[in-house]
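Report on the structure
The primary structure of each chain is shown beneath.
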Amino acid sequence: MSFFAAFAFLSPWWLLVLSGLPVLWWLLRVTPPAPRRAAFPAIALLLRLKPKEETPAQTPWWLLLLRLLIAALIILALAQPVINPAARLGASGPVMIVVDDNWAAAANWAGRRTVIDQILDRAEREARAVTVLSTSPNLSGEAPRLSRLATVQETRSLLGALEPKPWQADRAAALAALDANAPAQAAAIYYLGDGLEDPNTNPLVERLQRIGPVTYIADPPERRAQLILPPSSEAQAIAVTVARPDSGGTVDSAVVARGDDGRLLARERLLFEAGAAQATARLSIPAELRNRISRIEVEGQATAGSIALIDERWRRRPVGIVASGGQEKQNQPLLADQFYLERALQPFAEVRAGELTDLLQREIAVLLLADLGRLSDAERAQLEPWMRRGGVVVRFAGPRIVEADDDFVPVPLRLGGRAFGGAMTWDQPLGLAPFDADSAFAGLEVPDDIRVRRQVLAEPSLDLAQKTWARLTDGTPLVTADKRGEGWLVMIHVTASPEWSNLPLAGLYVEMLRRLLGLSQGIAGDAGGDAVLAPVATLDAFGRLVSPFPAATGVQAKALATQAASARTPPGHYGTDTARRALNLSQGMQAPVALRGLPIGVARADYAPAREVDFKPPLLIAAFLLVVGDLLIALFLRGLLNFRGMKRAAGAALVAAFALHAANADAQTRPAAPQIPFDERTGLENALFTRFAYVTTGRDEIDNVSRAGLSGLGVVLARRTAVDAAPPMGVDVERDELSFYPLLYWPVVAQVPRPSDQALQRVKRFLADGGMILFDTREADFIGPAGNGPAAQRLREILRPLDLPRLGRITPAHVLTKAFYLLQEFPGRVTGAPVWVEAPDATENDGVSSVIIGANDWASAWALDGNGRAMFAAVPGGEGQRELAVRFGVNLVMYALTGNYKADQVHVDAILDRMRR
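Residues numbered from 1 in each chain as written. Predicted model: local features only at pLDDT ≥ 70, side-chain atom pairs only at ≥ 80, totals over all residues. Heavy atoms only, no water.

1. A short note on the overall build of the protein
On a plain count of helices and strands, the protein comes out with 24 helices and 38 strands. Buried residues in the protein amount to 47% of all 917 residues. Restricting the contact set of the protein to residue pairs at least 6 apart, pairs at least 24 apart contribute 75%. Accessible surface computed for the protein: about 45400 Å², of which carbon and sulfur atoms make up 55%. (Helix = DSSP H or I, 4+ residues; strand = E, 2+ residues; numbered from the N terminus. Buried < 20%, exposed > 50% of the residue type's maximum accessible area, 1.4 Å probe, protein only. Contact = heavy atoms within 4.5 Å. Areas by Shrake-Rupley, 256 points an atom, 1.4 Å probe, with all protein chains shown as cover.)

2. Considering the layout of surface pockets
In this approach, a probe sized like a water molecule rolls over the atoms, and the result shows the empty space that is left. Within this model, the second largest pocket holds a volume of roughly 510 Å³. Those elements that provide at least two residues to the lining of the second largest pocket are β4 (130–134) and α5 (152–160). Counting residues per element, the lining of the second largest pocket draws most heavily on β4, which supplies 3 residues. Taken together, the residues of the lining of the second largest pocket sort by class into 17 nonpolar, 4 polar and 7 charged. (1 Å grid on protein atoms, 1.4 Å probe; cavity = no way out; pocket = protein on both sides within 12 Å on 5 of 7 lines; lining within 4 Å. Points joined across faces, edges and corners; volume = space filled by probe spheres on them. Nonpolar A, V, L, I, M, F, W, Y, C, P; charged D, E, K, R; others polar.)

3. A short note on the environment of Glu297
Within the secondary structure, Glu297 is located in strand β13 (residues 293–298). Residues Glu297 and Val255, 42 residues apart in the sequence, show an inter-C-alpha distance of 5.6 Å. Once you skip the residues sitting within four places of it in the chain, Glu297 turns out to touch Ala254, Val255, Val256, Arg258, Ser306 and Ile307. Here the side chain of Glu297 touches Arg258 through a polar contact of 3.2 Å, side chain to side chain. (Polar contact = N/O pair within 3.5 Å; in protein donor to acceptor, adjacent residues only side chain to side chain.)

4. Side note on the packing of helix α18 (residues 700–720) against helix α22 (residues 878–898)
Interhelical geometry of α18 versus α22 gives an angle of 75° and a closest axis separation of 10 Å. In terms of their interaxial angle, α18 and α22 are classed as roughly perpendicular. The segment α18 lies against α22, with Leu713, Val716, Leu717 and Arg720 engaging Glu883, Val886, Arg887, Gly889, Val890 and Val893. Per-class residue counts for the contact of α18 with α22 are 6 nonpolar, 1 polar and 3 charged. (Axes fitted to C-alpha atoms, helices over the stretch in contact; angles between N-to-C directions. Parallel < 35°, antiparallel > 145°, perpendicular 65-115°, else oblique.)

5. Points about the side chain of Ser850
Tracing the backbone shows Ser850 in the loop between β37 (836–838) and β38 (851–854). Setting aside residues no more than four positions away along its own chain, Ser850 makes contact with Leu767, Gly771, Met772, Ile773, Leu804 and Glu838.

6. Describing the sheet that holds strand β25 (residues 535–539)
Ordered by their spatial adjacency, 4 strands build an open sheet running β26-β25-β28-β29, and the pairing between neighbours is antiparallel. At either end of the open sheet lies a strand with only one pairing partner, and these are β26 (545–546) and β29 (580–583). Here 3 bridges tie β25 to strand β28 (residues 572–575), and the two strands are oriented antiparallel to one another. Its bridge partner lying in β28, Ala537 is registered against His573. (Pairing = 2+ DSSP bridges.)

7. Quick notes on the sheet that holds strand β23 (residues 487–492)
Spatially, 7 strands are ordered β16-β15-β17-β18-β23-β22-β21 in an open sheet, and the strand pairing comes out mixed. Looking along the sheet, the strands with just one partner apiece sit at the ends: β16 (350–353) and β21 (468–471). Across this sheet, the average inter-strand angle for adjacent strands is 15°, counted without regard to direction. Packing against the sheet, helix α10 (residues 337–345) makes contact with β15 (318–323), β16, β17 (366–370) and β18 (392–396), and its axis sits at approximately 165° to β15.

8. A few points about the pattern of salt bridges
Applying the stated rule across the entire model yields 38 salt bridges. Residue Asp194 pairs with Arg171 through a salt bridge whose shortest N-O separation is 3.0 Å. Here Asp194, found in the loop between β5 (188–192) and α7 (201–209), pairs with Arg171, found in helix α6 (residues 171–181); they are 23 residues apart in sequence, far enough to count as distant. Since its relative accessible area comes to 5%, Asp194 is described here as buried. Judged by relative accessible area, which is 4%, Arg171 ranks as buried. For Arg258, the salt bridge identified is with Glu297, shortest N-O distance 3.2 Å. Highlighted residues: Arg258 in strand β10 (residues 251–259) and Glu297 in strand β13, separated in sequence by 39 residues. Taking relative accessible area as the criterion, Glu297 reaches 15% and is therefore assigned buried. Three or more residues are tied together by salt bridges with common partners; here these are Asp100, Arg171, Asp194 and Asp198. (Salt bridge = Lys/Arg side-chain N within 4 Å of Asp/Glu carboxyl O.)

9. Some words on helix α12 (residues 377–388)
A rise of 1.5 Å per residue sets the reference length of α12, with its 12 residues, at 16 Å; its end C-alpha atoms lie 17 Å apart and thus fit the reference within 8%. Along α12, the residues that are buried comprise Arg380, Leu383, Trp386 and Met387. The buried residues of α12 occupy one face: seen down the axis, they fall within an arc of 140°. Those residues of α12 that are exposed and aimed more than 90 degrees away from the buried face are Asp377, Ala378 and Ala381. Contacts from the buried residues of α12 go to α11 (356–360), β17, β18, β22 (477–484) and β23. One or two residues past the end of α12 sits Gly390, with phi positive at roughly 125°. (Expected span 1.5 Å × (residues − 1). Arc of directions from axis to C-beta.)

10. Quick notes on the pairing of β25
The side chains of a regular strand alternate between the sheet's two faces. Two elements, β25 and β26, share 2 bridges in a ladder whose sense is antiparallel. The partner of Thr538 across the bridge, within β26, is Val546. Hairpin geometry of β25 and β26 is characterised by an intervening segment of 5 residues between the two adjacent antiparallel strands and by a positive phi of about 85° at Gly543.

11. A word on a nonpolar patch on the surface
A cluster of nonpolar residues, Ile621, Phe624, Leu625, Val628 and Leu632, forms a patch on the protein surface that exposes about 490 Å² of accessible area. Under the relative-accessibility criterion, Leu632 is labelled partly exposed at 45%. (Patch = residues over 30% accessible without salt bridge, like charges linked within 9 Å, V, L, I, M, F, W, Y side chains within 5 Å.)

12. A look at empty space enclosed by the protein
This structure, assessed with the given rule, holds 1 cavity of 30 Å³ or more. Its volume calculated, the largest cavity comes out at about 40 Å³. In terms of lining, the largest cavity is formed by Ala104, Ala107, Asn108, Arg112, Asp194, Asp219, Arg223, Arg224 and Ala225. Residue composition of the lining of the largest cavity, grouped by class: 3 nonpolar, 1 polar and 5 charged.

13. Some points on the packing of aromatic side chains
Any aromatic ring pair is given by two values, namely how distant the centres are and how the planes are angled relative to each other. Scanning the entire structure with this criterion turns up 12 aromatic pairs. Judged by centre distance (5.0 Å) and plane angle (70°), the rings of Phe820 and Tyr821 are edge-to-face. The class of Phe820 is partly exposed, set by a relative accessible area of 36%. Classification of Tyr821 as buried rests on a relative accessible area of 17%. Grouping aromatic residues by their ring pairs yields a cluster made of Phe435, Phe441, Trp469 and Trp488. (Phe/Tyr/Trp six-rings, centres within 6.5 Å; stacked < 30°, edge-to-face > 60°.)

14. Thoughts on the confidence of the model for the protein
Confidence in the prediction of the protein, expressed as mean pLDDT, is 81, and 79% of residues score 70 or more. Of all helices and strands in the protein, the one with the weakest mean pLDDT is helix α9 (residues 327–331) (46), whereas β21 scores best (95). Confidence drops under a pLDDT of 50 for residues 1–6, and excluding neighbours within four residues, the segment shows 28 contacts in the predicted structure. A low-confidence stretch, residues 326–331 (pLDDT under 50), is modelled with 6 contacts involving residues beyond four sequence positions or located in other chains. (pLDDT = per-residue confidence, 0-100.)

Written out as C-alpha cells, the structure reads:
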C-alpha cells in the first residue's frame with residue numbers, strides 16, 4: 001500500500017462558524033420574500049379588490065434549508081477539507097525519520113524525497129520537532145549519527161543536502177548511534193528503507209519500536225535496485241551477470257557497453273526468467289572495439305550497482321619487445337629501438353623485453369619486432385599459431401629487414417628500400433597523408449612536421465590498398481596490415497627509432513601504438529604490486545563519474561581486485577589518467593536479496609505518491625450552483641420568469657428539431673456519394689502536403705524513435721523555415737507507394753531481413769525519380785558502406801541491387817554543408833562516424849546525391865516527447881551537439897526539396913552577366 005492517507009481539515013477553525021447557522025435560520029425566517037409584481041389593467045384590480053387586508057407570507061421552509069445548505073458548503077470550503085497523506089499524529093513527541101542513503105536508495109531517490117516532504121508537512125502542521133538518522137557513512141567517512149531535535153525548517157535544510165552514497169549501509173553503526181542519543185519517545189518513526197536483506201535491519205527496527213510506532217517504507221521487490229556482477233571475458237564475447245532482489249516474474253531488460261566518450265558500443269538483451277534471481281547477457285563485440293569499452297551498465301537503472309567500470313585487469317595487454325641492436329646501440333640507448341618503444345608504451349601497457357622464444361612462453365598480447373630480419377622456421381612455427389589465436393605482431397623496418405628476403409610480412413616488400421633528402425637524390429623527406437576512414441588510425445590528427453627520410457617499399461599488388469593503414473603524401477604505404485586468423489600482422493615501414501623518420505618523437509607515435517594494442521584480444525589476469533593507486537575519479541550513487549570524495553584514499557594495486565567499496569575506498573578509477581584500475585561496487589558483495597520479514601507491529605508502506613485530494617473546489621462549485629438555483633427560485637417567486645415565453649421557445653426548438661430530422665431522413669434516401677478508398681485517400685493527402693517518411697523495421701522501439709525523430713524535425717522546420725511538413729508516415733518498402741515522399745529515413749538494422757528484390761527495384765525507381773534516402777546504421781565505429789559491422793553488412797546487401805554511382809565521403813564544399821546552415825560536421829545522438837554521399841563526379845541526378853549514408857543516429861537526436869523535450873541524451877557533446885544535429889536535419893530537408901540550388905549561387909554573377917548580353 002502507499003504511504004498513509006486520511007481525511008483532515010487544513011483550516012479547522014472555520015468550522016466554528018457552523019455554530020452560527022441557527023442565527024442565520026432565524027434571520028431568513030423573519031425576513032419576508034420580496035413582493036411579487038404583476039402587469040394588469042387598473043380596472044381588473046378594482047374588480048378583484050377584497051375587503052380583507054392581506055400581510056406578506058414568511059419564507060418557505062424548503063428555501064430556508066437551501067440557503068442554509070449554501071452557507072454550510074461555503075464554510076466547509078473555507079475550512080479546506082482534504083484527503084491528506086499527512087494526517088494528524090495521535091501521540092505526543094517528536095517525529096523521527098530513518099533513511100537508508102546507500103547505493104540502492106539511488107534507484108528511487110525521488111520517491112524518498114516526496115515521502116520526506118509529506119512527513120515534514122505533517123510535522124509542520126502540528127509544530128512537531130524532527131530528528132533524522134541516516135544509515136550510511138557520509139562522504140567524509142564519519143559513521144552514522146542521530147541529528148539533534150530541530151524545527152521542520154531546519155530539518156528541510158538538512159535533508160535537502162542528503163544524497164545517496166555509493167556504498168553499503170552500516171546499520172550496526174546506526175544502531176550504536178541510536179543507543180547513544182535516542183529520544184525517550186517519538187510520536188511516529190518512519191524508516192525509509194532500501195528493502196534489501198541485512199542481518200542488522202531487524203535489530204535496528206526493534207530498537208526503534210521501543211521509542212515509538214514504526215512505519216517501514218520500501219519499494220516493491222520488483223522495483224528495487226539491481227546489482228551488476230563483475231563481467232568476465234569469454235572467447236568471443238563478454239559475459240555480464242546481473243542480480244535482482246526478487247525472483248518473481250519475467251523481466252525483459254538490456255545491458256549496454258559504452259566507451260570513454262559515452263558512445264554506445266554494444267547492446268544485448270537481458271532476460272530474467274520467472275523465478276530466477278540472476279540473468280546473464282553476452283556482449284558479442286569485435287576485438288577492435290572490445291578494448292575501447294570503459295563501462296558496462298544495465299539499461300534503465302541509474303545506480304552505482306548497475307555499472308561495472310572496465311579496466312585492463314581482466315583484459316590486460318602485456319607487450320613483448322624483441323629488438324635487434326649491436327654493441328653501439330647498447331652503449332647509446334638513445335639510438336636503440338627498444339628505448340623509444342618502451343617510452344611510448346609504458347603509460348598504458350606492461351612492457352616485457354627479451355628473446356622471441358621466451359616471450360611467447362609468457363602471457364603476451366602484442367609482440368613488437370624491431371628490425372629482426374628474416375625469422376627462422378622454428379620461430380615462425382611458434383609465432384603463427386599464437387597470432388592466429390588473437391595475438392598481434394607488429395614489425396618495424398630497419399637495415400636488416402631491407403636486405404632480408406622474408407615473407408612473414410603483410411605485403412611483399414622490395415629489397416633495398418628508398419631514401420629521401422640525401423646528397424645523391426633530388427627527393428625531399430615526405431610527410432604523412434591523412435588516415436583513411438577504414439584505417440585503424442582513423443580520427444587521429446596528423447601533425448604537419450612529421451618527415452620520413454627512408455622507408456621500405458611494398459611491391460604493388462591488387463590488395464595493397466586494402467591492407468594499407470597509413471600512407472606518405474606521395475601515396476606509398478607507411479603502415480600495412482593483414483588479418484591472420486583472430487590476430488593481426490602489422491608492418492611499419494620505418495624504424496622504431498628516429499633513424500629513418502621523426503615519427504617516434506611525435507605524440508602521434510604513442511597514439512598509433514595504442515591503437516595497435518587495441519587490436520589484441522587481451523590477456524586475462526591481474527597486475528599485482530605493492531604500489532598504492534590514488535583515486536582518479538569516483539562513481540557516485542547515481543552511476544556518474546565525479547571528482548574523488550574527501551575521504552577517499554589510495555588502494556594497493558595487489559588488493560584492488562578484492563577491495564570492498566566504502567567511504568574510504570569508494571567505487572571508481574584508481575591509478576593515473578593513462579593507467580586506470582577500476583574498483584566496482586559489487587566487489588566483495590553478496591547478491592541483493594529482498595527483505596524477508598520485519599518484527600511484529602511494524603506498519604508497511606511503499607513510495608507510491610499519496611496524492612492530496614482537496615475538496616474545496618468541488619464544494620465551492622456546488623455552492624455556486626445552489627446560489628444560481630436560489631436566484632432562479634427568487635425570480636420565479638417575484639414573477640420575473642415568464643414560463644409562457646419559455647414554453648413558446650421550447651415549442652420552436654421542437655419544430656426545428658423535427659425539421660432537421662425530416663431533412664436528414666430525406667438526405668438518407670438519396671444515393672450516397674462514392675467513398676474514396678483508404679489507400680487512394682492517403683495518396684491524395686500525401687500529394688497535397690509535404691510529408692517525410694521512415695522505413696518501418698517491425699521493431700517498435702526503433703520505429704517509434706524514427707517517427708518521433710521526424711516529428712521533432714518537423715517542429716524545428718516549422719519554427720525556422722518556410723517548410724510546413726505534415727506528420728511523418730511509416731512505409732513498408734514491400735507494399736507502400738514511395739513516390740509521394742521527397743525524403744525517406746531508413747534505419748538499417750542487422751536483425752531485420754533484407755527486403756525482397758521486387759521491393760528494392762521499387763526503391764531503385766524511387767531514387768531514379770528524384771527521391772532521397774538517408775540510411776542510418778546507428779552503429780558504433782561505422783567507417784562507411786565497406787565496414788565490417790553487422791549493420792554495415794546489411795546496408796551493403798540493400799545497396800547492391802540499387803546500382804548506385806560511386807560513393808565517397810562528404811567534402812567541405814558539398815551542397816549539404818550549406819543548404820541552410822553552414823556546417824562542417826554532422827553529429828546525431830552520437831558523433832564521429834563519417835557521412836557518405838554519391839561522388840560529385842559520378843552522380844547522375846543533376847549533381848544531387850540520392851542517398852546519404854551515416855551512423856550517428858540522427859532520429860534519436862531529433863526525437864521530442866509530448867512535452868517538446870528531447871527524448872535521448874546527445875553524447876558526448878550535450879545540447880550543443882544536438883543543435884548541430886538539428887541543423888543537419890534542416891540542411892538535409894532543404895537539400896531534398898531544393899537540390900543543388902545553393903551550388904548554383906556561386907555562379908550568380910556570371911549568369912546575370914550572360915542574361916544582360
